[in-house]
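Spelled out from the first residue to the last, the chains are:
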Amino acid sequence: MNKAIITSRENQSSGIADLYCSCTNSKECGATFVTTIAFKHYLNPPRKNTASIAASLIKNLPKAEQLELLSNA
C-alpha cells in the first residue's frame, strides 16, 4: 500500500468537498480516485474564534457587568 496525493479539490457545499487523488506509485498502481471529506465539529475551537466570541458577548453586557468581570479576572 502506498500514499496518495490530492491533485485537486471541488467544493460541494460549505464544509464538504470532493478530493481527487492519485496513488504515488504510478508505475505499479496508477490508481486515481475521488473521496469526499466533510467538516463535522470542533473538539477544541480555535483560540482566535473563542476570544472573538467572548469579546462580542462581553460588549453586549451593561458596563457595570463588564467591569465586574474584569475585576474578578
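Below, the structure is looked at part by part.

Definitions and limits used
Residues numbered from 1 in each chain as written. Predicted model: local features only at pLDDT ≥ 70, side-chain atom pairs only at ≥ 80, totals over all residues. Heavy atoms only, no water. Helix = DSSP H or I, 4+ residues; strand = E, 2+ residues; numbered from the N terminus. Contact = heavy atoms within 4.5 Å. Buried < 20%, exposed > 50% of the residue type's maximum accessible area, 1.4 Å probe, protein only. Pairing = 2+ DSSP bridges. Axes fitted to C-alpha atoms, helices over the stretch in contact; angles between N-to-C directions.

Points about the environment of asparagine 2
Inference 1: By the secondary structure assignment, asparagine 2 is in the segment before β1 (4-13).
Inference 2: Between the C-alpha atom of asparagine 2 and that of threonine 24, which follows or precedes it by 22 residues, the distance is 6.6 Å.
Inference 3: Discounting residues that sit within four places of it in the chain, asparagine 2 has contacts with Cys23, Thr24 and Asn25.

A closer look at the pairing of strand β2 (residues 16-23)
Inference 1: Burial within β2 is extensive, with six of its eight residues counted as buried.
Inference 2: Across eight bridges, β1 lies against β2 in antiparallel orientation. Across the sheet, serine 13 pairs through a bridge with isoleucine 16, a residue of β2.
Inference 3: In textbook terms, the turn of a hairpin is the stretch between consecutive antiparallel strands, and for β1 and β2 this stretch comprises two residues, one of which, glycine 15, has a positive phi near 85 degrees.

Focus on the sheet that holds strand β3 (residues 32-38)
Inference 1: Ordered by their spatial adjacency, three strands build an open sheet running β1-β2-β3, and the pairing between neighbours is antiparallel. Of all the strands in the sheet, just β1 and β3 have a single pairing partner and so form its edges. Put simply, the sheet's adjacent strands are angled 25 degrees from each other on average, direction ignored.
Inference 2: One ladder, built from seven bridges, connects β2 with β3; its direction is antiparallel.

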